Amino acid sequence: MRTSPPPAARLALALCTLCPALGGFAAQEQRAGDSALPAVVPGYTLQFPRDFGSHPQFGIEWWYLTGWLTTARQQQLGFQVTFFRIRSRLDASNPSAFAPHQLLIAHCAISDPQRGRLWQDQRIRRAGFGLAEAQSTDTKVWIDDWRLERSDDAYSAQVTAADFALSLSLASTQPPMLNGQAGYSRKGPDTASASYYYSQPQLRVSGSIVRAGRSDTVSGVAWLDHEWSSEYLDRNAAGWDWVGLNLDDGSALMAFRIRGRQGQSLWAGGTLRGALGDVQTFGPAQVLFTPGRRWRSPRTAVSYPVTWSLRLGEREFELSPLLDDQENDARQSSGAIYWEGAVRVQERARGVGRGYLELTGYDHPLSLR
Amino acid sequence: MSAPGGARGAWAAWRTLTRAQLREQPLRVLATVFAIALGVALGTSVYLVNGAALSEFDLAARRLVGDSDIIVRGSADGFDETLFPALARLAGVSAASPMLELEVALPARHASLKVVGLDPFRAAALQPALMAQIGNDARALFAHDAIILSRTAAEQLQLRRGDLLPIVVGGDLATLRVIDTLSGDAYPEALGLMDIAAAQWTLGRLGRLNRIDLRLRPGTDAQALRTELARSLPAGVVALTPAMERGRAANATRAYRVNINMLALVALLTGAFLVFSTQSLSVLRRRTALGLLRSLGVTRRELRHALLGEGLAMGAAGSMLGVLLGALSASLVLHYLGTDLGNRQLAGMGAALVLRPGPIIVSLLLGTGIAALGAWLPALEAARRAPALALKSADAEPVMSQLPAGRPALALLATAAMLAWLPPLGGVPLAGYLAIAALLAGSILLVPALLRSVIGALPRTGSVELDTAVAQLQGGTGVATVGLASIIVSFSLMVAMAIMVHSFRQSFDRWLIRLLPADIELRISTGSDTGAFTADQQRRLAALPGVARADFRRVTQLRLRPDRPPVALIARDVANAGAADTLPLVSDARASVPSGAQPAFVSEALQDLYGYRSGATLVIPLGGALRPFYVAGVWRDYVHPGGAVVIARSAYVAATGDRSASEASFWRRPQAGLGALESAIRASLGLGDSLDIIASPQLRERSLMLFDRAFALTYALEAIAVVIGLVGVAVAASSTALARRAQFGMLRHLGMLRRQVLAMLAGEGVIMSALAVVYGLLLGAVVSLILVYVINRQSFGWSIDLAVPWRRLGALSAVLIAASAFTALWSGRAAMSQEAIRAVREDW
C-alpha cells in the first residue's frame, strides 16, 4: 500500500475524510448562489443513461462495484472497485485548471481466503486535464489508468495496483433497480438526509485478475451501486450496516440501517426485487439487522459482528463471511476503520446467494463535526 | 621496527628523549603542539562546516527529488501547464507530479522564500518523505492562501501556525496564512509548500508550471526517455536526472568551499614547516645528548625511530587538540554564521553539526602524518651523524642545507609555471592549487642558496654590532634557513591572500560604481520570481515630477544546458547604444550589429562556461521558442557565477509579452531631493515599506559590507597564518639563541658588551626577517597572480584587476620584522642570563 490516502468505506470515506473539505472550509468560504449544493428531493425521475453519469453539482457521489469471483481453479474471491466524486467548494472562484473543485477517489480490494487478508490499494486525485475525470453523460470515471466505464449494457473495470491488478467486464442482465421511492432513498428521520440511489444487481462478470504477478481468468457475479447526495448522514448517526446480495434465483436484495450512538437503529431501508422484476420496498420497521458472531481484529483490536441475521419483511436471511479478516484500516488517512467484505447468504439453512456486507462506525462513532 | 629488540631500543630512546624534552622545554613542546593544533583545527572546522552544509544541501535536494527518475525543469517563468498531462500520459511514465517552484518576494525583509506549489496527491507518490507529514491535511492546503513552512523557514521568519506571511506578487502585496510547519526531518532548509492551484492563482502564474517530476515504469530506459524528451520538450525546458538535480545545489557553492578547504590545507602545511624547523633545531641543539645515546648503544635505526616518534607524539597531541578546537569552532560557526560561512544574506540555521568518525580520523592522521613528515628529515639527519662527531663537534650544518637545491627547485618552479595554464577540473581549479604548491616548494628549496649569496654579498657598515651580525649569519646560514622557511611560507601566503582580496575588493568597488550610475535603485526583493512592477506602475514611476530618467530591468533565469546552473537573463532598457557606458565591458563592444540581429552582452562566466565570444550567435529560449542573439560584447559580472546575459527589453517583451520589470534605476531632476523622490516613489506604488529603495551610494556601501562579510573567514585564516608564522619566528629565534650560548660567552670574552651582543642579535633578527619579508613579498606576489588570474577566474568565472594593498603589506612586513627582532632580543637576553638559564634550563 502506498502513502496516498484512504482505503475507504463508501460512506466512511465520504463523511470522515471529506468533512474538512465539505464542511469545514466550505462553510467559511462558500458563496451563496451558484455554488450551493442541490438538495435531494422526492419526486425526481431518474433518467438513463444521463443518470448513469456524474452529477458534479452534488456534494458527493459514488459508483460502488462489489462481487464474487471464481478462478479457473475454483477459488472463491471477493472484489470491490469504488470511485468517489467529491465536490469541494473551497475557493470555488480559483480559475486555475488545477483547482480542486472536484476530487476523485478510487479504492480497490480483493478478498482472498488463501492470503487471509485483503489486497488493497487506493488513489485520490483532483479532477482535471483528462487524467482524472467523471463524465456526466454516462458512467465513465477514471483516475489515470484506473477506470470504470459503461457501454452497451456492460461495465468495464480496470485497476492496476502495486501488487495486484484487475480487468473485468460486467454485463447487465437486468434493468437498474431503483431504491427507496423510485430512487429517492431516505437515510434518517430528517428528510434532508437522503440520496438518489439505484443499483445494478446480477452483473455477469468475466475477466482476469493478477495477484503478485500471477494471473487468473475469473468469472462471477457482481453488484453496482450508484448514489449521489449533498447531505447524507443524520447528525446523530454513529455508523451503518449495509448489504447488497445477488440471490441465486435471480432476485436482488439491498438493505441498510443507520445506527445511533447507542447502537440502536436510527433508520433503515431495503429493496427486494424478484427475478421477474417485482419490487418490494421496505421501511425502517420492516428491516431488522441482528448481529451474530464477532471477530476481533488483531491489528486494530476493533470487534466486528461478522455473521448476521437479516429480517426483511417476512423473510429471514443468515449472512456468513468468505473470510473473517476483511477489515480496511484507514486510520492513517481518513481515520476510518471499517469492515467491507464478501458474504454468503443462507435462507432456512440453505445457500441462496452471495453478496457484500459493509460495517462502519465500530471503532468510534462517525461524526459530521 | 621489525626486530623486537629494535623496537624496544627505539621505545627506550624515545622515552628518554621525550621525557627530557618535556621536562626541560615544556613551553617549546607546547608551542609546537599548539601550532599543529591550529592547522588541524582550521581544517577540521572547515571540513565539518562544509560537510554539514553539503549534507544539508543534499538532504534538501533529495527531499525535493524524492523517488523521481526524471525532473523536467524550465526557467522560473516556466512552461504551459498542458505539458503536464502530455508527460503524464507517456507510455514509460507511471507517475507525474506538477510543480511550481518560485522564489517568493517577502516585503520588508529584502529576501525571498523558496515556495513549492504542488499537488499533494501526486507528490505523495514522488516525494513521500516530504509529504509524509502532510498526509491527512492535504486538503487543508487547498485554500488559496494556505502555506506550510519548513521548520527552518518558520524559525527564520519567526512565524508559527496561524500567523500571516505578507508577500509581494507583481506590484502588489498579498498575504499567506501559515497553516502548519514541518519538522526538521521533512526538509532541512527554508521552504514553503502550497497547493499547486493555490500557488498558480495566488502567485500570479495561472496556466504555468516550471517543474514536473516523473517516475518511470519498471523496465523503462530513463536515459532513452531523457534523450527523447530533450528533442520534444519546449525550448528552455530540460530533463534532468536526480543526480544532476541534486548536484545543482551543491555546485553553486562548490568553488567557494573548495577554496576554503585549500586554505585550511595551506595552514596545515605551514604547521608542518613549523614542526620541521622545531625538530631540526632541537636535533641540532641536542646533538650532544643524541651522540651520547648512540655511544651508549642505541642504534641508528632506533634513534631515527625515537626522533620520528617525538614528531609523531607532538603531531598526535596537536591533532587531538586541533580536532576538539575544530569541532568547537565549527559548531560556533554553524550557530552564528550558518553553513554558508557568511556567504549568503539570509543565514541558514537548519544544519546540524554531525561528528562522524571518518573525517575526524582523517584529521588526526593528516595532522600526525604531517608532523611526522616534518620530523622525518631531522630524524634521518641526526641518526646519520657519527656518534663521536656528534659528541665532539660543536657546530654542524642542519638539515636544511642537505635538501637538494638547484635543479629540483627549478624543475618545481617550471612545473608550477606549466600548471598555472591548465584549465579547471570539474569546475575546480586543481591545477592552479598544485601550481601554488609547486611554486612554494621550489622557492623554499632555493632559500639556502639564495640566502648564502645574499648574505655573502652584504656590505660592511662599520657598525660592530651589524657587521658581527652579518658575520654570524654568514657562518651559519643553515641554522638561519630553517627558521626562515616557515616564515616565508606563511608570510608569502599572507601576502598573496591580501593582494587577491584587495584586488577583488577594488575591482568590485569600481564595478559597483559603473553599474550604479543612477541616483536611486529600486527593487522589490533580490532574486525573487514574484515581485515585479506592472507596465502601468512603470509608467506612473517614470512620470513622477522629480524623475529625469527611469530605467527598468526585467531579471529572470534561463536554462541553456541541463548540466549547467541557470543563467540570469537581464532585459534592460538600454542594451546596445550606450552599452559600453552602462555595462562594465571587458572588451570593446562590437560597433556594428548585423542588420536585423538583436544584440546580447554575455558575462565572462558565460563566455568561459559556454564558449560564447563577441560576434558569436547566442540562442536563447524565450517565450517558448529559441531566439538568436548576436553577442555584441562581454561584460564583467560579480553577481551570477552561473553566467548572465543582457538583452534589450524591447526584444524580451516582443518574445514573451511580459512587460513587467523587477528592478529600476532613477535619475532625479536637479532640483528634486532624494528623500522627496523616495517618498514620491513609495506613494506612487502603494507598497509601503516593502519596497527596497536605496540611494546608489548606500547600495554600494551595503554591497561592500556584504563583500567583507563573505571574506571574513578569509581574514580569519590570514590572522591564523600570521600567528603560526610568528610562533615559527619565536621558536626559531629561541632555539638559535640557546644553541649559541657558548658563542655569546665567547663574544663577551672578546670584549663585546652585553648590550652589543643583544644589538647584534636584534640585527640578525632584522636582517633575517627583512630577507624573509622581501622573499615572501616576491613569492606572495607571484602566488597572488595565480590566485587572481587562475584560481579566481576558474572558480567564479569573473576577472579581477590586480591591485596591491601597499599599506597593508607594509604594515605586515614591519610587524613581522619587529616581532622577529624582538624575539631575537628577548631570547638572547634569556640565553645570556645565568639565572634565567638556571631557572628555565634550556627552555627558550
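Everything numeric in this text was worked out from a predicted model, so none of it was measured.

A. Quick peek at the overall build of chain B. The secondary structure content of chain B amounts to 28 helices and 20 strands. Counting only residues that meet the buried cut, chain B has 53% of its 844 residues in that class.

B. Main features of the overall build of chain A. Across its full length, chain A holds two helices and 25 strands. Across the 369 residues of chain A, 54% fall into the buried class. The contacts in chain A between residues at least 6 apart in sequence include a share of 60% that link residues at least 24 apart.

C. Layout of the nonpolar core. Among the nonpolar cores identified, the biggest contains 233 residues, and Leu104(A), Leu166(A) and Ile147(B) are the most heavily contacted of them. Looking at this core, the element that brings in the most residues is helix H2 (residues 26-65) of chain B, giving 20 residues. Filtering out sequence-adjacent residues up to four positions away, Leu166(A) remains in contact with Phe79(A), Val81(A), Cys108(A), Ala157(A), Val159(A) and Ile209(A). Core analysis: the next-biggest nonpolar cluster, separate from the first, contains 99 residues, Ala469(B), Leu569(B), Tyr638(B) and Met768(B) among them.

D. Main features of the domain arrangement of chain B. Residues and elements named next belong to chain B. You can read the domains of chain B as domain 1 (1-69 + 246-396), domain 2 (70-240), domain 3 (465-517 + 697-844) and domain 4 (525-690). Residue-level contacts link 16 residues of domain 1 with 21 residues of domain 2. When grouped by side-chain class, the residues that make up the side of domain 1 that touches domain 2 number seven nonpolar, five polar and four charged.

E. Molecular detail of the confidence of the model for chain B. Residues and elements named next belong to chain B. Taken as a whole, chain B shows an average pLDDT of 80; of its residues, 81% reach a score of 70 or greater. Across residues 1-5 the pLDDT falls below 50, and counting only partners more than four positions away or on other chains, this stretch makes four contacts in the model. Both confidence scores are given for the complex: pTM 0.77, ipTM 0.87.

F. Layout of unusual backbone geometry. All names here are of chain A. The omega torsion across Phe-48 and Pro-49 is 10°, close enough to zero to call that bond cis. As for its placement among the helices and strands, Pro-49 is situated in the loop between helix H2 (19-29) and strand E1 (60-71). Located in the positive-phi region is Asp-144, a residue other than glycine, with phi close to 50°. Under the C-beta neighbour-count criterion, Asp-144 is labelled partly exposed, with 18 such atoms within 10 Å. Positive phi is not limited to glycine here, since Ala-182 has a value of about 50°. With respect to the helices and strands, the residue Ala-182 is situated in the loop between strand E10 (177-178) and strand E11 (184-186). According to the C-beta neighbour criterion, Ala-182 is partly exposed, with 16 such atoms within 10 Å.

G. Highlighting the packing of helix H15 (residues 430-456) of chain B against helix H26 (residues 754-796) of chain B. Residues and elements named next belong to chain B. Direction vectors running N to C along H15 and H26 enclose 165°, while the axes themselves pass 11 Å from each other. With respect to H26, the axis of H15 lies roughly antiparallel. Between H15 and H26 lies a crossing of right-handed hand. From H15, Gly-432, Tyr-433, Ala-435, Ile-436, Leu-439, Ser-443, Leu-451 and Val-454 reach across to H26, where they touch Leu-771, Leu-779, Val-782, Val-783, Ile-786, Val-790, Ile-791 and Gln-794. Among the residues making up the contact of H15 with H26, the classes are represented as 13 nonpolar, three polar and no charged.

H. Broad picture of the environment of Arg793(B). Residue and element names in this part refer to chain B. Mapped onto the fold, Arg-793 is located in helix H26. Given 19 C-beta atoms within 10 Å, Arg-793 falls into the partly exposed group. With 712 residues separating them along the chain, Arg-793 and Glu-81 place their C-alpha atoms 40 Å apart.

I. Structural detail: the pairing of strand E14 (residues 567-572) of chain B. Residues and elements named next belong to chain B. A large share of E14 lies buried, amounting to six of its six residues. Side chains of E14 alternate between two faces, with Val-567, Leu-569 and Ala-571 and Ala-568, Ile-570 and Arg-572 buried alike. Across six bridges, strand E13 (residues 547-558) lies against E14 in antiparallel orientation. Bridge pairing in E14 links Arg-553 to Arg-572. Sheet analysis places E14 next to strand E18 (residues 644-648), joined by five bridges and oriented parallel. Looking across to E18, one finds that Leu-569 is bridged to Val-645.

J. Looking closely at helix H22 (residues 674-685) of chain B. All names here are of chain B. Helix length check: H22, at twelve residues, gives a terminal C-alpha distance of 17 Å against a target of 16 Å (1.5 Å per residue), a fit within 8%. Burial in H22 covers these residues: Leu-677, Glu-678, Ile-681 and Leu-685. For H22, the arc enclosing every buried residue in end-on projection is 100°, short of the 170-degree limit, so these residues lie on one face. Those residues of H22 that are exposed and aimed more than 90 degrees away from the buried face are Gly-675 and Ala-683. Looking at the buried side of H22, the elements it contacts are strand E12 (520-523), helix H18 (535-542), strand E19 (663-668) and strand E20 (692-695). Looking one or two residues past H22, Gly-686 carries a phi angle of roughly 65°, positive in sign.

K. Seen up close, the packing of helix H14 (residues 407-419) of chain B against H15(B). All names here are of chain B. Two numbers describe how H14 lies on H15: the axes approach to 8 Å, and their chain directions differ by 160°. Here H14 is positioned roughly antiparallel relative to H15, judged by the angle of their axes. Relative to H15, H14 is oriented so that their crossing is left-handed. Contact with H14, carried on its side by Pro-408, Ala-409, Leu-412, Leu-413, Thr-415, Ala-416 and Leu-419, involves Ala-431, Leu-434, Ala-435, Ala-438, Leu-439, Ala-441, Gly-442, Leu-445 and Leu-446 of H15 and no other residues of that element. By residue class, the composition of the contact of H14 with H15 is 14 nonpolar, two polar and no charged.

L. Representation of the sheet that holds E19(B) in the model. All names here are of chain B. With mixed pairing, nine strands are arranged side by side in an open sheet as E16-E17-E15-E18-E14-E13-E19-E12-E20. At either margin of the open sheet sits one strand with a lone partner, and together these are strand E16 (617-622) and E20. Strand-to-strand twist of the sheet, defined as the mean angle between neighbouring strand axes without regard to direction, takes the value 30°. Examined bridge by bridge, strand E15 (residues 599-603) and strand E17 (residues 625-635) share five bridges and lie parallel to one another. When the bridges of E17 are listed, Pro-599 appears paired with Tyr-630. The strands touched by helix H21 (residues 649-656) within the sheet are E13, E14, E16, E17 and E18, with E18 carrying the most contacts at an inclination of about 85°.

M. Inspection of the pairing of E12(B) at higher detail. All names here are of chain B. Along E12, one buried face is formed by Ile-520 and Leu-522 and the opposite face, lined by Glu-521 and Arg-523, is buried too. With four bridges connecting them, E12 and E19 associate as antiparallel partners. Across the sheet, Leu-522 pairs through a bridge with Ala-664, a residue of E19. Bridge count for E12 against E20 is four bridges, and the pairing is antiparallel. In the sheet register, Glu-521 faces E20, and the bridge partner there is Ile-694.

N. Layout of the confidence of the model for chain A. Averaged over every residue, the pLDDT of chain A is 86; the share at 70 or more is 88%. Overall, residues 1-34 of chain A carries pLDDT values under 50, and its contacts beyond four positions in sequence, including any with other chains, amount to 100 contacts.

O. Structural context of the environment of Thr220(B). All names here are of chain B. Counting through the fold element by element, Thr-220 comes out in the loop between strand E10 (211-216) and helix H8 (222-232). Judged by the 17 C-beta atoms lying within 10 Å of it, Thr-220 is partly exposed. Between the C-alpha atoms of Thr-220 and Ile-71, which are 149 residues apart in sequence, the distance is 15 Å. Residues within four places of Thr-220 in sequence aside, it is in contact with Gly-92 and Leu-225.

P. Inspection of the environment of Ile524(B) at higher detail. Tracing the backbone through its elements, the reader meets Ile524(B) in the loop between E12 and H18. Expressed as a C-alpha distance, the spacing of Ile524(B) and Pro107(B), which sit 417 residues apart in the sequence, is 7.1 Å.

Rules and cut-offs
Residues numbered from 1 in each chain as written. Chains lettered and ligands numbered in written order. Predicted model: local features only at pLDDT ≥ 70, side-chain atom pairs only at ≥ 80, totals over all residues. Helix = DSSP H or I, 4+ residues; strand = E, 2+ residues; numbered from the N terminus. Buried ≥ 20, exposed ≤ 12 C-beta atoms within 10 Å, placed from the backbone. Contact = placed C-beta atoms within 7 Å. Core = buried A, V, L, I, M, F, W, Y, C linked by C-beta atoms within 7 Å. Domains from an automatic or database assignment. Nonpolar A, V, L, I, M, F, W, Y, C, P; charged D, E, K, R; others polar. pLDDT = per-residue confidence, 0-100. Axes fitted to C-alpha atoms, helices over the stretch in contact; angles between N-to-C directions. Parallel < 35°, antiparallel > 145°, perpendicular 65-115°, else oblique. Left-handed = near helix turned anticlockwise from the far one by under 90°. Pairing = 2+ DSSP bridges. Expected span 1.5 Å × (residues − 1). Arc of directions from axis to C-beta.

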